[in-house]
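Structure at a glance
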Amino acid sequence: MSPRVTFPHKVLPYLLVAPQLAITGVFFYWPASQAIYQSTLREDPFGLNSAFVGLDNFRRVLSDPNYVNSIQVTAIFTVATALLAMAVALFLAVMVDKVIRGRDFYRTLMIWPYAVAPAIAGMLWLFMFNPSMGTFAYMLRSAGVYWDPLLNGNQAMLLVIVAAAWKQISYNFLFFVAGLQAIPKTLVEAAAIDGAGETKRFWTIIFPLLAPTTFFLLVINTTYAFFDTFGIIHAVTGGGPGKSTETLVYKVYNDGFVNLILGDSAAQSVILMVIVIALTAIQFRYVEKKVHYG
Amino acid sequence: MATVELNGVRKVYAGGVEAVKGVDIKIADKALCVLVGPSGCGKSTLLRMIAGLETISDGTVSIDGKVVNTIGPAERDIAMVFQNYALYPHMKVYDNMAYGLRNRGMKKPEIDERVKRAAETLELSALLDRRPRELSGGQRQRVAMGRAIVRNPKVFLFDEPLSNLDAKLRGQMRVEIKNLQRALGVTSVYVTHDQLEAMTLADQLVVMNGGLVEQIGAPLDIYEQPASTFVASFIGAPPMNLLGSEQGTKGASLTVGDLSGLGVTVPPGTTTLGVRPEDFRLDAPAAEGLRTELTVVAVEPVGAESFLHGTASDFRMVVRVPGRSSAQPGDRVPVWAERFKLHFFDRNGRRVQA
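Residues numbered from 1 in each chain as written. Chains lettered and ligands numbered in written order. Predicted model: local features only at pLDDT ≥ 70, side-chain atom pairs only at ≥ 80, totals over all residues.

1. Digging into helix H5 (residues 118–129) of chain A
All names here are of chain A. Its 12 residues place the ends of H5 16 Å apart at the C-alpha level, agreeing with the 16 Å of an ideal helix rising 1.5 Å per residue. Burial in H5 covers these residues: Ala121, Gly122, Trp125 and Phe129. Down the axis of H5, the buried side of the element spans an arc of 100°, and every buried residue falls inside it. Buried-residue contacts for H5 involve helix H6 (135–142), helix H7 (153–181) and helix H11 (230–236). (Helix = DSSP H or I, 4+ residues; strand = E, 2+ residues; numbered from the N terminus. Expected span 1.5 Å × (residues − 1). Buried ≥ 20, exposed ≤ 12 C-beta atoms within 10 Å, placed from the backbone. Arc of directions from axis to C-beta. Contact = placed C-beta atoms within 7 Å.)

2. Topic: the interface of chain B and chain A
With 18 residues of chain B at the interface, the matching set in chain A holds 16 residues. When the residues that make up the side of chain B that touches chain A are grouped by side-chain class, the tally is 12 nonpolar, 4 polar and 2 charged. (Nonpolar A, V, L, I, M, F, W, Y, C, P; charged D, E, K, R; others polar.)

3. Digging into the pairing of strand S9 (residues 204–209) of chain B
Consecutive side chains along a regular strand alternate between the two faces of the sheet. Residues and elements named next belong to chain B. Counting buried residues along S9, 5 of its 6 residues qualify, which places the element largely inside the surrounding structure. Two elements, strand S3 (residues 32–36) and S9, share 4 bridges in a ladder whose sense is parallel. Looking across to S9, one finds that cysteine 33 is bridged to glutamine 204. In terms of strand pairing, S9 meets strand S10 (residues 212–217) through 5 bridges, oriented antiparallel. Bridge pairing in S10 places leucine 205 opposite glycine 217. (Pairing = 2+ DSSP bridges.)

4. What about the confidence of the model for chain B?
Of the residues in chain B, 98% have a pLDDT of 70 or more, and the chain-wide mean is 89. As a predicted assembly, this complex carries a pTM of 0.80 together with an ipTM value of 0.82. (pLDDT = per-residue confidence, 0-100.)

5. Digging into the UniProt feature "domain: ABC transmembrane type-1" (unreviewed entry) in chain A
Mapped onto this numbering, the UniProt entry annotates "domain: ABC transmembrane type-1" (unreviewed entry) at residues 71–283 of chain A. For the annotated span residues 71–283 of chain A, helix accounts for 77% and strand for 0% of the residues, and the straight-line distance between the end C-alpha atoms is 19 Å. (UniProt positions renumbered as here; feature names shortened; annotations may be inferred.)

6. Describing the nonpolar core
Residue and element names in this part refer to chain B. Formed by 109 residues in total, the largest nonpolar core has its most connected members in Val34, Leu157, Val189 and Val206. Here this core gets 6 residues from one element, more than from any other, and that element is helix H2 (residues 93–103). Aside from chain neighbours lying at most four places away, what touches leucine 157 is Leu47, Ile50, Ala51, Ile78, Met80 and Val189. (Core = buried A, V, L, I, M, F, W, Y, C linked by C-beta atoms within 7 Å.)

7. Thoughts on the sheet that holds strand S11 (residues 241–244) of chain B
Residue and element names in this part refer to chain B. Read across the sheet, 5 strands follow the order S12-S11-S13-S18-S19 without closing on themselves; strand pairing throughout is mixed. Of all strands in the sheet, those with a lone pairing partner are strand S12 (255–256) and strand S19 (351–352), marking the two edges. When S11 meets S12, the two strands line up parallel, connected through 2 bridges. Across the sheet, the residue bridging to leucine 243 is threonine 255, located in S12.

Right under this line is the structure:
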């Protein structure tokens, strides 16, 4: 335990935390409270007045089949994106750990995609897999795959998942590489002497010791898939075809800013907030119990 | 159970550094062989080559008469105790010990029996459900030992296993390791930089320096007949006084002066004369030997003995006297040593027989 820091001045500590509090207040609590307030109002078609309707908006949103669809889409998208991004990153990190010559070079190359903005990344994948002009789409069609993400919802989903995961791989990779380096080499050697083959060593020694990193990345990737993938979805599919890639965040945007149904949109963002808080709480409450720190 | 044999073993790292420059060692069955030397002498590299954790650049390593150069660490049937213990932090003590047995597909009841027996031997029975981080340094050390003995391997390898313990515990564990090794009768290779550990544990002592073996032998033989100035100054504490007529070639710190003032006739070729601090006597000279007068600079009383640091005919030296010493800094004390207790070395630092 570090000793408590005491300030001789009564006001100084408050001044020191004021900027942080101001930022949190202005950019988080204010908008959040506005959203909660908005979610209880309904506007007339011309936006001239609004009336208090209580939980009506929530009732309507939750009984909307499109909203239920959006929850399903988000669940599939989030789980797939997080798993894909983490699995590929872990695989690459383990491989890089074995490279001796030019390791830094590989690592640098691996990190680059993270510097690409989400919308740009989305455009990149859109162009590569665009049915009419994409190189990869052409190759897929020559290989006999009927590739058309503009009409086929499953293919569109696959495309946004891969694009979103691709962008997050670099980030996960960095953390996995650092995590792998923190595992003492003698543990792996001891396991080798104890007769564990390479695969066994990975699953019984390396993977459990990597758990703190994996858990941290699980939280980060879930949040990423929920919120930060908006740009990619917007650029690649725009939520289509036929709402098959419309995630919760995308629907909030669509209903609020495109269709201007502010009450519904606000109610959705409140629900979204609750979902994310609940998810994070579950992750910390249950998953973290299985994690051993050092 | 097994012999270990090294023949012309060399290790050259990718950068061109030669860590081990051709080593031949033959370790008898059930013997405890200690590799001792300063850091960077190649002793750990040698141990890791026996373990199979480093490739062997040249020469052969044989265990039980079989060359193991190309065999992986798991198939060599060895167990190793690491300096930092290398316990699996996410496993309980029981699982740490059982891990190697499970990997070899042993049946559950037998694993259970072996782990329990090892735990009893090492007084770990009450700790089997703990995780390594809940144990003290000494307990972790025992678990590391336990993990080695449950396997019942052909060879034990110890890589400075006591260097992370405090001095008192180290002395205690040293005795335990020795007893355990003798009781189990498993051929062992033990690496340390601590000459006291080396002397007390070894059946066979290998003194290494700069990637080469300086001397192999029984600890007391090496102590009494060091093959070189390096060995002479490395084995024994405080180290042997090395009095040279010219600067030595390597490793050993010697003090230079005129040997003729000491009243000894040295064998031809001798440039360095060695005397252990405990071989000096303060009584009246009764035989042929070295005679000089020590000007005391400092007195170190240790309790059972005292060390007089001083100079005599240009040489710095340390003299051990039993019990309490009445000498004061500045005193001149006549000292002498019998001729057969003296060691002679040539200009290359090699021993010259008297």
